[in-house]
Amino acid sequence: LLALSTSRSAWLVVACGFLAVLLVGHGQRRFLFLPLAAAALVCTILLQSDFGSGFQKGVASTFGAGKSLDSRTSGRMDQWAVAFTAFTSSPLSVVAGHGPGTSPDMYARFSLLTKDVSYGVGRPRAFHSLFMLVAVETGLLGLVPLLLWLGAIGSRVLRWTLRSGFTFPLACLFGYLCTALTVPGFDPGCGIYLGIALTACLGPALSRNHRLTAVSYAGLAPPGQFRP
């Protein structure tokens, strides 16, 4: 599915997941070879099949040369420029934003005032980023708590990962942050990413041996007999 996707955000999520394992995965790094080998095999099969031409078009659309930065980001670079103009338009907008639900109208208004913008100029457009949306609609009153909350989650998830050796919550947190940079981050997929990341904030990390022992007991003990 990833090979046939033209979503750069999806590729970025996968790359950050691999990066999380490479940085703190320790014993899990050796397992990275398996998905890489599988990806190479799938790509080879696709190129030799009836889907080869479609696959090549998808790759060219995703990674092809000769595109502007704005084209590669589907207009998001223009949106970041417009969001900055709207955010800094007045001291009140910096502190409290333009109000909840006003971001499409603010895009239509401030895209006319931002230089070198071509995406949706003068037309209402939803901001394709959680951070742009919060900054424009609520200013620092909403953006600062959001960043502090995500920073606190990131700190706890990283500490939990370093203690436990399990990288899945950290990879999901990276996935959520990457996705929130390109979409508002309110969809079910983002909720799953963030929910799995938050599991690392529930309590102190168990050691690998304790976890394996608990899993063994859970599988062997009769129903209702297991006690963690």
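Just so it is clear, the model here is predicted, and its values are computed rather than measured. Sequence order as written defines the numbering, with residues in each chain counted from 1. Given that this is a predicted model, residues contribute local features only at a pLDDT of at least 70 and side-chain atom pairs are listed and counted only at 80 or more, while totals for whole chains, interfaces and linings are drawn from all residues. Side-chain descriptors were evaluated using all non-hydrogen atoms of the structure, hydrogens and water having been removed beforehand.

Asker: Which parts of the structure should I look at to understand the overall build of the chain?
Answerer: From N to C terminus, the chain includes 11 helices and 0 strands. Strands here are runs of E lasting at least two residues and helices are runs of H or I lasting at least four, both read from the DSSP assignment and numbered beginning at the N terminus. Along the chain, helices (α) and strands (β) appear in the sequence α-α-α-α-α-α-α-α-α-α-α when read from the amino end. We call two residues in contact whenever any of their non-hydrogen atoms come within 4.5 Å of each other. If you take every contact in the chain between residues at least 6 apart in sequence, the share linking residues at least 24 apart comes to 63%. Where accessible areas are quoted, they stem from the Shrake-Rupley method and a 1.4 Å probe; at the residue level, only the protein chains shown are allowed to cover. With an accessible surface of roughly 13,400 Å², the chain has 70% of that area assigned to carbon and sulfur atoms.

Asker: What's the story with helix H1 (residues 8–24) in this structure? I'm lost.
Answerer: Helical geometry: 3.6 residues make up each α-helical turn, so side chains three or four residues apart lie on a common side. The length a helix should cover is 1.5 Å for every residue beyond the first. With 17 residues, H1 ought to run about 24 Å at 1.5 Å a step, and its terminal C-alpha atoms sit 24 Å apart, in line with that. By the burial criterion, the buried members of H1 are Ser9, Val13, Cys16, Gly17, Ala20, Val21 and Val24. All buried residues of H1 project into a common sector of 140 degrees when viewed along the axis, lining one side. Looking one or two residues beyond H1, the residue adopting positive phi is His26, at roughly 50 degrees. Each residue gets one of three labels from its accessible area relative to the maximum for its type: buried under 20%, exposed over 50%, partly exposed in between, using a 1.4 Å probe on protein chains only. To be clear, the arc concerns the directions from the helix axis to the C-beta atoms.

Asker: For this particular structure, what's the right way to read the packing of helix H8 (residues 130–164) against helix H9 (residues 168–180)?
Answerer: It is at 10 Å that the axes of H8 and H9 come closest, and there the two elements cross at 165 degrees. It follows that H8 is roughly antiparallel to H9 by the angle criterion. Our pair here, H8 against H9, has a crossing hand that is left-handed. On the side of H8, the interface is formed by Leu130, Phe131, Leu150, Ile153, Gly154, Val157, Leu158, Trp160 and Thr161, while H9 contributes Pro169, Leu170, Leu173, Tyr176, Leu177 and Ala180. Angles run from 0 to 180 degrees between N-to-C directions of axes, and those axes are lines fitted to C-alpha atoms, restricted for helices to the stretch in contact. Our angle categories are set so that under 35 degrees counts as roughly parallel, over 145 as roughly antiparallel, 65 to 115 as roughly perpendicular, and the remainder as oblique. Take the far helix as your reference; a near helix turned counterclockwise from it by less than a right angle gives a left-handed crossing, and one turned clockwise gives a right-handed crossing.

Asker: I tried to follow the nonpolar core on my own but got confused; where do I start?
Answerer: Most often, soluble globular proteins keep nonpolar side chains buried together rather than apart. The definition of a nonpolar core used throughout is a set of buried Ala, Val, Leu, Ile, Met, Phe, Trp, Tyr and Cys residues joined through side-chain atoms within 4.5 Å. Listed in full, the 12 residues of the largest apolar core are Phe87, Leu130, Phe131, Val134, Ala135, Leu143, Leu146, Leu150, Tyr176, Ala180, Cys190 and Leu194. Listed by contribution, the elements that provide at least two residues to this core are H8, H9 and helix H10 (188–198). No other element matches the 7 residues that H8 contributes to this core. Excluding residues within four positions of it along the chain, Leu146 makes contact with Leu130, Phe131 and Val134. Val24, Ala171, Ala197 and Cys201 belong to the second largest nonpolar core, which has 11 residues in total.

Asker: Help me out: how do you make sense of the packing of H1 against H9 in this one?
Answerer: Axes are the key here: two packed helices are described by the angle between their axes and the distance separating the axes. Viewed as axis vectors pointing N to C, H1 and H9 meet at an angle of 145 degrees, and their least axial separation amounts to 8 Å. Helix-helix and strand crossings are classified by hand; for H1 and H9 the assignment is right-handed. Two secondary-structure elements touch here, H1 through Leu12, Val13, Cys16, Gly17, Ala20 and Val24 and H9 through Leu170, Ala171, Phe174, Gly175, Cys178 and Thr179. The class makeup of the residues in the contact of H1 with H9 is 9 nonpolar, 3 polar and no charged. Each residue receives one of three labels: charged for Asp, Glu, Lys and Arg, nonpolar for Ala, Val, Leu, Ile, Met, Phe, Trp, Tyr, Cys and Pro, and polar for the others, Gly being one of them.

None of this, on its own, says anything about what the molecule does.
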